[in-house]
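Structural description and commentary
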Amino acid sequence: MQPGKSYDRLSNETMRRWVADDMASVRGTVGVDFGAGKLLNRPLFHVQRYIAVDFNEEALATGRRAYPEAETAVGDVRTFRPGAPIDVALCLLVFENKYFAAEETVSAVAHIVGQIAKNGAFYFNYGPKNLPYETQTDALLHKAFRTVRKQRYGRLHIPLPF
């Protein structure tokens with residue numbers, strides 16, 4: 001963390017650091033950043049083709065000024081298709097936000113997983129509202145990937161009262 005710079009929450013910054021460390025060794029042709037906003041995660045991708053997807057056209061335009069090589073698409077995580085297999089997908093702070101219906105967690109994860117290339121990687125997080133779907137999501141991930149790693153952080157590292 002940098003002095004004088006604000007962050008969403010300390011737990012979100014911790015999550016971003018874990019993801020950044022892990023993604024540092026991931027290479028590929030196509031990378032998709034779902035919920036990309038202003039493309040702040042662009043430096044994490046080591047791909048030939050970076051595609052930023054978000055509902056917010058203005059945020060994407062802001063990010064595109066910083067990363068003119070980026071492809072941007074106004075779209076929805078539940079329906080977007082890049083037209084090529086995804087080598088690395090990132091979906092941070094999307095499933096837990098107020099605009100995403102928790103009951104769509106499994107179908108949205110399945111939609112993205114179905115587009116991941118063989119030996120590809122998918123990084124995402126979710127919050128307390130998505131936890132009722134954790135078992136289904138885990139089963140889907142274990143079926144699709146050779147290795148699945150989970151890291152609890154923030155409020156999710158303590159038992160929840162439901």
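Structure: see above.
Here the residue numbers are simple positions, counted from 1 along each chain's written sequence. Under the rules for a predicted model, residues below a pLDDT of 70 receive no local features and side-chain atom pairs below 80 are neither given nor counted, while totals for whole chains, interfaces and linings still include all residues. To obtain the side-chain values, all non-hydrogen atoms of the structure were used and water was disregarded.

Moving on: the nonpolar core. Within the largest apolar cluster, 24 residues are counted, with the highest numbers of intra-cluster contacts made by Val32, Phe34, Val77, Cys91, Phe95, Ile112 and Phe122. By residue number, the principal contributor to this core is helix α3 (residues 105-113), which donates four residues. Note on definitions: a residue-residue contact is assigned when non-hydrogen atoms from the two residues lie within 4.5 Å. Beyond its immediate sequence surroundings of up to four residues, Cys91 is in contact with Phe34, Val77, Ile112, Phe122, Tyr123, Phe124 and Asn125. Joining through side-chain atoms within 4.5 Å is the link that ties buried Ala, Val, Leu, Ile, Met, Phe, Trp, Tyr and Cys residues into a set, and such a set is a nonpolar core. Exposure classes here rest on a 1.4 Å probe applied to the protein chains alone. A residue is buried below 20% of its type maximum, exposed above 50%, and partly exposed in between. Residues Leu39, Tyr50, Leu92 and Leu93 belong to the second largest nonpolar core, which totals 19 residues. To qualify as a helix, a DSSP run of H or I must reach at least 4 residues; to qualify as a strand, a run of E must reach at least 2; elements of each kind are numbered from the N terminus.

Geometry is summarised by axes, namely lines fitted to C-alpha atoms with helices restricted to the contacting stretch, and by angles between N-to-C directions that run from 0 to 180 degrees. One way to put it is that α3 packs onto helix α4 (residues 134-144) with a least axis distance of 9 Å and a crossing angle of 15 degrees. Judged by the inter-axis angle, α3 sits roughly parallel to α4. Every pair of crossing elements has a handedness; the one defined by α3 and α4 is right-handed. Side by side, α3 and α4 meet where Thr105, Val106, Val109, Ala110 and Val113 of the first sit next to Gln136, Thr137, Leu140, Leu141 and Ala144 of the second. Charged residues are taken to be Asp, Glu, Lys and Arg, nonpolar residues to be Ala, Val, Leu, Ile, Met, Phe, Trp, Tyr, Cys and Pro, and polar residues to be all remaining types, Gly included. Broken down by class, the residue content of the contact of α3 with α4 amounts to seven nonpolar, three polar and no charged. Geometric relationships in this document are graded by angle, where less than 35 degrees denotes roughly parallel, more than 145 denotes roughly antiparallel, 65 to 115 denotes roughly perpendicular, and other angles denote oblique. In this scheme, a crossing is called left-handed if the near helix is turned counterclockwise away from the far one by less than a right angle; it is called right-handed if the turn is clockwise.

Right, let's get into the pairing of strand β4 (residues 86-91). Judged by how many residues are buried, β4 sits mostly within the fold: six of six residues are covered. As paired elements, strand β1 (residues 28-34) and β4 share four bridges and run parallel to each other. Across the sheet, Asp33 pairs through a bridge with Leu90, a residue of β4. Pairing between strands is defined by DSSP: at least two bridges between the two strands are required. Two elements, β4 and strand β5 (residues 116-124), share five bridges in a ladder whose sense is parallel. Counterpart to Cys91 in the pairing with β5 is Phe124.

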